[in-house]
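Architecture at a glance
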Amino acid sequence: MLRAHLDPAALATAVGVDVKTVTRWLAGRVPHQRTRLAVADALGETEADLWPQTRPDQAPGAEATAEVVAAYAHRADIPHHVWAALLAGATSRIDLLGYAYPFLLELLPNTMQLITDKAANGARFRLAFADPDCPHVAERDALEQIGGTLPGRIRNALNFCEPLHGVPGVEIGLHTVHLYNSVFRFDHQMIVTPHLYRARGYQHPALHLRELSPHGIFAAHADQFEQIWQTTTAYPKETR
């Protein structure tokens, strides 16, 4: 309504209802489908975005294809501007889980300052990297056939994060979990990269997801992050 420059009275007039009805919608009541379509048209939005709970694919156990914004054959195919927009647009939480992901830390010239500023405005950051000395890192290095360089890449990524040490709202953790996918969450959007046998990080396929339901694919990967985060140890130790 704000984007469309409509207050409750103006929206009520536009769709032919009483202003009290609009007030009930704002309180959570879902209108009938014909009215939903009229409201979506008046606001320049989609019915699914305004009332995702009305979609049949948002029920438990149902298909959640609406949560897939885009699918890429390789992570490297994701345009730079998509990553940049996800990072810049996040306002409340960013959760990152992988082995090293230095490409994200190098995304913008001022990535570390951007994170610091967002944290100062109340955003929460949790960055989970693999412990470079754990057996799973050596195993992953062998699987990707990268000649023993993965521990160094992780340490390089951790070095990038030095300006974040001690920043309120920013936590860095080391995990020792054998990952089957990487998870990069930005508020209610997420990039997930399933890991393929003997493929390197940039070669993995990637899904761009948006959260629409507590029962969807987004929630499944968000829960995976939470479970792995609980196993991490703080880096450096005095920051958590």
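The protein chain is annotated in an unreviewed UniProt entry as HTH cro/C1-type domain-containing protein from Micromonospora chokoriensis.

Description of the packing of helix α1 (residues 8-15) against helix α2 (residues 19-26)
Helix packing for two helices is described by the angle between their axes and how far apart those axes are. Close contact between α1 and α2 brings their axes to 8 Å; oriented N to C, the two are set at 110°. Classified by the angle between their axes, α1 and α2 sit roughly perpendicular to one another. Remark: the crossing between α1 and α2 carries right-handed chirality. Listed contacts from α2 to P8, A9, L11, A12 and V15 of α1 are V19, V22, W25 and L26. The class makeup of the residues in the contact of α1 with α2 is 9 nonpolar, no polar and no charged.

Observations regarding the pairing of strand β3 (residues 124-130)
Taking burial as the measure, the 7 residues of β3 include 6 buried ones, the bulk of the element. Across 5 bridges, the pairing between strand β2 (residues 93-97) and β3 is parallel. Considered in β3, the bridge of D95 is made with R126.

So, the domain arrangement of the protein chain
Taken as a whole, the protein chain is organised into domain 1 (2-54) and domain 2 (65-234). For domain 1 versus domain 2, the distance between C-alpha centres works out to 37 Å.

A look at the UniProt feature "domain: HTH cro/C1-type" (unreviewed entry) in the protein chain
Here, the residues flagged by UniProt with the feature "domain: HTH cro/C1-type" (unreviewed entry) are residues 9-50. Helix makes up 71% of residues 9-50 and strand 0%, whereas the separation of the span's terminal C-alpha atoms amounts to 18 Å.

As for the packing of aromatic side chains
Under the defined criterion, the tally for this structure stands at 7 aromatic pairs. A centroid spacing of 5.6 Å and a plane angle of 75° characterise the contact between Y101 and F184, whose relative ring orientation is edge-to-face. Highlighted residues: Y101 in the loop between β2 and α6 (102-105) and F184 in strand β5 (residues 181-186), separated in sequence by 83 residues. For Y101, a relative accessible area of 4% puts it in the buried group. Connected via pairs of aromatic rings, a cluster forms that spans W83, Y101, F103, F129, F184 and F186. One cation-aromatic arrangement involves R75 over F103; the distance from NZ or CZ to the ring centre is 3.9 Å.

Concerning the packing of helix α5 (residues 80-89) against helix α7 (residues 111-120)
The geometry of α5 relative to α7 is characterised by a closest axis approach of 10 Å and an angle of 30° between their N-to-C directions. Compared by their axis directions, α5 and α7 come out roughly parallel. Mapping the contact onto sequence places L87, A88 and G89 in α5 and T111, L114 and K118 in α7. Split by residue class, the contact of α5 with α7 holds 3 nonpolar, 2 polar and 1 charged.

Comments concerning the nonpolar core
In this structure, L127, F129 and F186 are the most contacted members of the largest nonpolar core, which totals 53 residues. Counting residues in each nonpolar core, the second largest holds 8 residues, with L11, V22, L43 and W51 among its members.

What about unusual backbone geometry?
In this structure, P236 follows Y235 across a cis peptide bond, with omega equal to -20°. Structurally, the position occupied by P236 is in the segment after β8 (233-234). For Y101, which is not glycine, the phi torsion reads 40° and is therefore positive.

Details of the sheet that holds β3
In spatial order, the strands read β1-β7-β6-β5-β2-β3-β4-β8; together these 8 strands make up an open sheet with mixed pairing. In the strand order of this sheet, the two ends are held by β1 (68-72) and β8, each with one partner. Summarising the sheet, β2 and β5 pair through 4 bridges and their orientation is antiparallel. In the sheet register, D95 faces β5, and the bridge partner there is R185. Lying on the sheet, helix α10 (residues 217-229) is in contact with β2, β3, β4 (170-175), β5, β6 (189-194) and β7 (206-210); it crosses β2 at an angle near 70°.

What about the environment of L127?
If you trace the backbone, L127 turns up in strand β3. For the pair L127 and F103, spaced 24 residues apart in the sequence, the C-alpha separation amounts to 14 Å. If sequence neighbours within four positions are ignored, L127 has contacts with L96, Y101, L105, C161, L164, E171, I172, G173 and W229.

Reading the values: rules and limits
- The residue count restarts for each chain, going from 1 along the sequence in the order it is written.
- Restriction of local features to residues with pLDDT of at least 70 applies here, the model being predicted, together with a cutoff of 80 or more for giving and counting side-chain atom pairs; totals for whole chains, interfaces and linings are based on all residues.
- Computation of side-chain values: all heavy atoms of the structure, hydrogens and water removed.
- Lines fitted to the C-alpha atoms define the axes, with helices restricted to the stretch that makes contact. Angles between their N-to-C directions range from 0 to 180 degrees.
- By definition, any uninterrupted DSSP run of H or I lasting at least four residues is a helix, any uninterrupted run of E lasting at least two residues is a strand, and each is numbered from the N terminus.
- Relative orientations are named as follows: roughly parallel for angles under 35 degrees, roughly antiparallel for angles over 145 degrees, roughly perpendicular for angles from 65 to 115 degrees, and oblique for any other angle.
- In this scheme the crossing of two helices becomes right-handed for a clockwise turn of the near helix relative to the far one and left-handed for an anticlockwise turn of less than a right angle.
- Contact criterion: two residues are considered in contact whenever any of their non-hydrogen atoms come within 4.5 Å of each other.
- Note that Gly is not counted as nonpolar here; it falls among the polar residues with everything else outside the nonpolar set of Ala, Val, Leu, Ile, Met, Phe, Trp, Tyr, Cys and Pro and the charged set of Asp, Glu, Lys and Arg.
- Each residue gets one of three labels from its accessible area relative to the maximum for its type: buried under 20%, exposed over 50%, partly exposed in between, using a 1.4 Å probe on protein chains only.
- By the convention used here, strands pair only if DSSP detects at least 2 bridges between them.
- Domain limits in this description derive from either an automatic procedure or a database domain assignment.
- UniProt positions are given in the numbering used here, feature names are shortened, and annotations may be inferred rather than shown by experiment.
- Aromatic pairing here means that ring centres of Phe, Tyr or Trp (its six-membered ring) are within 6.5 Å. Orientation follows from the plane angle: under 30 degrees is stacked, over 60 is edge-to-face, and everything else is tilted.
- We count a charge as sitting over a ring when the NZ of a lysine or the CZ of an arginine lies within 6 Å of the ring centre and within 35 degrees of the ring normal.
- Nine residue types can take part in a nonpolar core, namely buried Ala, Val, Leu, Ile, Met, Phe, Trp, Tyr and Cys, and a core is a set of them joined through side-chain atoms within 4.5 Å.

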